[in-house]
Amino acid sequence: MRRSNRLFEIIQILRGATRPMTADALARQMEVSTRTIYRDISALQMMSTPIEGEPGIGYVMRKGYNLPPLNFDLEEIEALRVGLALLSRTGDSALLRAARRIHEKIDALHGPADWLQVAPWGAKLDDPAKGCVSFSTLRNAIRNERKLELTYHDEQDCRTVRTVRPLALVYHLECVMLACWCELRAGFRHFRTDRIYGCRPLDQDFVGKGDALREIWPDLNRWGSDQPAIAEPI
């Protein structure tokens, strides 16, 4: 492993560690000698990286440390341009606005690349003025582990009101699915967002349980629509 990559890896390990890491533990994880780890940590500290600790006790990264901005090569920049342009297919207006801001920053540094084109066809834009649920609202509920009350119409236009624990958004080519734990059905369910006619964040939450629910979110049902429950709620 190149030294620059090794330094980056040490930073990442320490940023994610919940307790002090000894040089021996770092050396085993990175498959290098303990002496190499001591030299690397000394080098990082000389570069003002906020690593605290000492030999025999362990090392920790001071909270709040962020890595400097990354530099990208030409192909990586083009991959970013195409990936950002593909966001237009998701119908997620908030992500689309964020993508445009990133595009402007890339263009300011590297100039435009009009020869890279992506067809815009995909899911409908989530315009609340047209009765569409805001994907930003759904993403906020997932991020904050906040329950939602959904008014949903199925394929037969049968209306139901569901209280759900939103877990993920799945962006397909022509639609977006909201994966949830549905309290009405006591199981995992997937709702097409273009069939959600009402969405109300509730005061109830499921803080600390989202990751555990995603771990038991069944792989075989992950892209389905209205599958039976295979696990109890947490």
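Every chain begins its residue count from 1, and numbering advances along the sequence as written. At least 70 in pLDDT is required for a residue's local features to be given in this predicted model, at least 80 for side-chain atom pairs to be given and counted, and no such filter applies to totals for whole chains, interfaces and linings, which use all residues. Hydrogens and water molecules were not included; the side-chain quantities draw on all heavy atoms of the structure.

Caption draft 1: Region of interest: the sheet that holds strand β5 (residues 176-182). Strands are treated as partners if at least two bridges between them are detected by DSSP. Strands are runs of DSSP state E lasting at least two residues, helices are runs of H or I lasting at least four, and both sets are numbered from the N terminus onward. Read from one edge to the other, the open sheet built from 5 strands follows the order β6-β5-β4-β3-β7, with strand pairing classed as antiparallel. The sheet terminates laterally at β6 (187-192) and β7 (196-205), the two strands that pair on one side only. The mean angle between the axes of side-by-side strands here comes to 45°, regardless of whether they run parallel or antiparallel. Pairing between strand β4 (residues 159-171) and β5: 7 bridges, direction antiparallel. Paired with Pro166 across the strands is Cys180, a residue of β5. Along the sheet face, helix α6 (residues 135-144) touches β3 (146-153), β4, β5 and β7 and points at about 80° away from the line of β4. In this analysis, axes come from line fits to C-alpha atoms, helices being fitted only over the stretch in contact, and the angle between any two N-to-C directions falls in the range 0 to 180 degrees. We call two residues in contact when some of their heavy atoms are within 4.5 Å.

Caption draft 2: Focus on the pattern of salt bridges. The salt bridge definition used is simple: a Lys or Arg side-chain nitrogen within 4 Å of an Asp or Glu carboxyl oxygen. Across all of its chains, the model carries 10 salt bridges by this definition. With its nearest N and O atoms 2.6 Å apart, the salt bridge here joins Arg81 to Asp107. Here Asp107 lies in helix α5 (residues 93-110) and Arg81 lies in helix α4 (residues 74-86), a separation of 26 residues in the sequence. Buried, partly exposed and exposed residues are distinguished by accessible area as a fraction of the type maximum, computed with a 1.4 Å probe on protein chains only: under 20%, between the cut-offs, and over 50%, respectively. Judged by its relative accessible area of 28%, Asp107 falls in the partly exposed class. Between Asp194 and Arg192 there is a salt bridge, and its shortest N-O distance comes to 2.7 Å. Accessibility expressed as a relative area gives 25% for Arg192, which makes it partly exposed.

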